Structures are given as C-alpha cells and as structure tokens.
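The residues making up each chain are set out below.
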Amino acid sequence: MATRGHQRLSDTTRARGIRVAGIAIILLGAGAALLPVDKGISSDMLGALLLAAGLIELVAGSLRSQVRQLAMAAGGVTAFAGLLFVINPETQFFPTVWPIIGWLLLRSLIIGYASTHSHGSVRRWMGLSAGMDFLLAALLIAGLSVATIVVSIFGPTPQLVASFAWVLAASFVVNGLMLLEVASCERDVSA
C-alpha cells in the first residue's frame, strides 16, 4: 500500500514538473516574441533562448512515462542548437537561419515519430507540435529566397529578424501547450 501511495505521489510530482516546464517554455516563447527588434536581435540571445528551452524540455522529457527517450532527444536537439549559437555567435542573418531550419526539421521528425507511440490527446498535441515545427521550417526555407534578395540589397532588416524571433515564439508556445497536455494526462493517470 505504501508503494502505491509513493507511486501516486511520484506521478503527481512528475505531472507538476511537466506542467511547470510547459509554462516556462510558453514564457520563453513570449520572451522571444517581445525581443527588442529596433536594437537588433543577436544570435547569442537566440541561442540562450534555445538553450534554456532545450534544457527545460530535457527535464520535462525525463519526467515522461511514455516516449521518454524521444522527448529527451527533442530537448537535446533544441539545447544543441542553442549551444551552437552561444559558442559561435554570428551577426549575419543567413548563418543563423540554416541551423534553425535544421533544428526545426530534426525536432519535427523526432516529435512526429514519438507521436506514433503516444495515445489520445497527447498524440494529437505532439502531432501539432511536430507539424508547427515542420511548417515553420518550410516557411523559413520558402522565405529564404525572398530574404536572400532583400538582405543582399539592404542588409538584414529589423522586420526580417523580427519574423525570425516569431518563429521561435510559435514553436515554443505550441511545444509548451503540448507539455501542458502531457502533464494533464500524467496527472489523470495518477488519479
């Protein structure tokens, strides 16, 4: 009987931890959306956001009862992308865009695959998160050809960089909402 109570507490604690992680990632998304565009957004700032989100996602992934390794892998990819920017900050737009496109594509593949091993609303939210990252990567790739001309002629414009911060914000918010749903389901299992 004590073991069952301990397990229930453990499930509740895990659900709380995942919920806190989801809220933290949504707040990082809000922070990315509110970055001061007029002063410019440095790649080390983007790296810090990605690194923080990745570390939070790693912790949340370690608390999951299903697809733990895949959830942690998605967090690891995010943290690695952030680390790339922190270690090697770039001031130009294009060296920054390609790692983000790679991060979004790789993360969408990991989460998409993980969703096939999940059930119910968690599966749906994981699919939404993977789909959002894939869509954002596709939009960046499609916008890259137009952006190439704009940056070649005018240099990196604040509007172009601002749209890039919104890409991070959108990915973070959907990922945070997915973690809130995972937390809800983890809590329901323990009830």
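Residues numbered from 1 in each chain as written. Predicted model: local features only at pLDDT ≥ 70, side-chain atom pairs only at ≥ 80, totals over all residues. Heavy atoms only, no water.

Colleague: Describe the overall build of the protein chain, naming the residues involved and giving the relevant values.
Modeller: Check the secondary structure of the protein chain and you find 6 helices and 0 strands. Walking the protein chain from its N terminus toward its C terminus, one meets helices and strands in the order α-α-α-α-α-α. Counting every position in the protein chain, which comprises 191 residues, the buried fraction comes to 43%. A separation threshold of at least 6 residues defines the contact pool for the protein chain, and within that pool the share at least 24 residues apart is 82%. Of the roughly 9,500 Å² that the protein chain leaves accessible, carbon and sulfur atoms contribute 70%. (Helix = DSSP H or I, 4+ residues; strand = E, 2+ residues; numbered from the N terminus. Buried < 20%, exposed > 50% of the residue type's maximum accessible area, 1.4 Å probe, protein only. Contact = heavy atoms within 4.5 Å. Areas by Shrake-Rupley, 256 points an atom, 1.4 Å probe, with all protein chains shown as cover.)

Colleague: I'd like a description of helix 2 (residues 43-63), backed by residues and values.
Modeller: With 21 residues, helix 2 extends 30 Å from end C-alpha to end C-alpha; this agrees with the ideal 30 Å at 1.5 Å per step. Turning to helix 2, its buried residues are Ser43, Leu46, Gly47, Leu49, Leu50, Ala53, Gly54, Glu57, Ala60 and Gly61. Down the axis of helix 2, the buried side of the element spans an arc of 160°, and every buried residue falls inside it. (Expected span 1.5 Å × (residues − 1). Arc of directions from axis to C-beta.)

Colleague: Can you break down the packing of helix 2 against helix 3 (residues 68-87) residue by residue, with the values?
Modeller: Two elements in contact, helix 2 and helix 3, have axes separated by 7 Å at closest approach and are oriented at 165°. By the criterion of interaxial angle, the relationship of helix 2 to helix 3 is roughly antiparallel. Taken as a pair, helix 2 and helix 3 cross one another with a handedness that is left-handed. (Axes fitted to C-alpha atoms, helices over the stretch in contact; angles between N-to-C directions. Parallel < 35°, antiparallel > 145°, perpendicular 65-115°, else oblique. Left-handed = near helix turned anticlockwise from the far one by under 90°.)

Colleague: Please give an account of the confidence of the model for the protein chain that cites residues and values.
Modeller: On average, residues of the protein chain carry a pLDDT of 81, and 76% of them reach 70 or more. Of all the helices and strands in the protein chain, helix 5 (residues 120-154) carries the lowest mean pLDDT, 78, while helix 3 carries the highest, 92. Counting contacts from residues 1-6, a segment whose pLDDT is below 50, to residues more than four positions away or on other chains yields 0 contacts. (pLDDT = per-residue confidence, 0-100.)

Colleague: I'd like a rundown of unusual backbone geometry, residues and numbers included.
Modeller: A positive phi angle is found at Val67, which is not glycine, with a value near 45°. Residue position: Val67 is located in the loop between helix 2 and helix 3. Given a relative accessible area of 13%, Val67 falls into the buried group.

Colleague: How would you explain the packing of aromatic side chains if you had to name every residue and give the values?
Modeller: Per the counting criterion, the structure on display carries 1 aromatic pair. On the basis of an interplanar angle of 75° and a centroid distance of 6.4 Å, the ring pair of Trp103 and Phe172 is categorised as edge-to-face. Separated by 69 residues along the polypeptide, Trp103 in helix 4 (residues 93-115) and Phe172 in helix 6 (residues 158-190) bring together distant segments of the chain. Assigned by exposure class, Trp103 and Phe172 land together as buried. (Phe/Tyr/Trp six-rings, centres within 6.5 Å; stacked < 30°, edge-to-face > 60°.)

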